[in-house]
Amino acid sequence: MSRIGRMPIAVPAGVTVEIAENNKVTVKGPKGELERVLPSEMEIKQEDGQILVTRPNDLKKMKSLHGLTRTLINNMVVGVTDGYTKQLEVNGVGYRAAKSGNKLTLNLGYSHPVIMEDPEGLESVVEGNKITIKGIDKEKVGQYAAEIRDKRRPEPYKGKGIKYMDEVIRRKVGKTGKK
């Protein structure tokens, strides 16, 4: 059986989980509310402060959906209690990030500044050359961080561009002169 799918999800105090028909799960917590429709084949039960996910049979599709369903519910519970953050770093001479209202302005060596608007439910904070994205939905936080990074990906020679804080850029040796 799926080792991840079998694990129960502990529901912390202050969090309410509602399971409606067609596996529509709503999680309310101190940071907000998330809802998601999960695969209808999975059976989601709530018993004494825990959520259990079970699958109907051992077909390959059911096995893969089992772990996925459990992880999605767990991500919702963690999101409404702690929230998620992603950190990006802007490297390069003249590359800057600034914040005004809910607009993020990036100067990335193009002939124009790149202006991005924070999606609903997400917040970005700029401190020097670091951009921190905060939110309760793990998927949205990761997607917005990826979109910001895409505006100028790090290049392998000087390492200029926008990279994740924990990302390691594999550097290449530049060209050498003739003798």
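To be clear, the structure that these remarks concern was listed above.
The present account deals with the structure reproduced in this document. (Residues numbered from 1 in each chain as written. Predicted model: local features only at pLDDT ≥ 70, side-chain atom pairs only at ≥ 80, totals over all residues. Heavy atoms only, no water.)

## A short note on the overall build of the protein chain
- Secondary structure assignment for the protein chain yields three helices and 13 strands.
- Relative to the 2.2 N^0.38 estimate, which gives 16 Å for 179 residues, the radius of gyration of the protein chain is 21 Å and therefore markedly larger than a compact globule would have.
- By its C-alpha atoms, the protein chain is 70 × 45 × 25 Å across when sized along the principal axes.
- By the burial criterion, 35% of the 179 residues in the protein chain qualify as buried.
- Considering only contacts within the protein chain whose residues lie at least 6 apart along the sequence, 50% involve residues at least 24 apart.
- For the protein chain, the computed accessible surface area is about 11,200 Å², with 49% contributed by carbon and sulfur atoms.
- Charge separation in the protein chain, taken as the distance between the mean sites of 33 positive and 23 negative side-chain charges, equals 13 Å. (Helix = DSSP H or I, 4+ residues; strand = E, 2+ residues; numbered from the N terminus. Rg over C-alpha atoms; globule rule 2.2 N^0.38 Å. Buried < 20%, exposed > 50% of the residue type's maximum accessible area, 1.4 Å probe, protein only. Contact = heavy atoms within 4.5 Å. Areas by Shrake-Rupley, 256 points an atom, 1.4 Å probe, with all protein chains shown as cover. Lys, Arg positive; Asp, Glu negative; His and termini not counted. Charge placed at Lys NZ, Arg CZ, Asp CG, Glu CD.)

## A few points about the pairing of strand S2 (residues 16-19)
- Two elements, S2 and strand S3 (residues 24-29), share four bridges in a ladder whose sense is antiparallel. Opposite Thr16, over in S3, you have Lys28 as the bridge partner.
- In textbook terms, the turn of a hairpin is the stretch between consecutive antiparallel strands, and for S2 and S3 this stretch comprises four residues, one of which, Asn22, has a positive phi near 60 degrees. (Pairing = 2+ DSSP bridges.)

## Concerning helix H2 (residues 60-81)
- Its 22 residues give H2 an end-to-end C-alpha distance of 33 Å, which sits within 8% of 32 Å, the value for a rise of 1.5 Å per residue.
- Count one or two residues on from H2 and you reach Gly83, which has phi positive near 85 degrees. (Expected span 1.5 Å × (residues − 1).)

## Let's talk about the pattern of salt bridges
- On inspection of all chains with the given rule, the structure shows 11 salt bridges.
- Here Asp58 and Arg55 are joined by a salt bridge, their closest N and O atoms 3.1 Å apart.
- What makes Asp58 exposed here is its relative accessible area of 54%.
- Overall, the relative accessible area of 10% leaves Arg55 in the buried class. (Salt bridge = Lys/Arg side-chain N within 4 Å of Asp/Glu carboxyl O.)

None of the figures reported here should be taken as evidence of function without further support.
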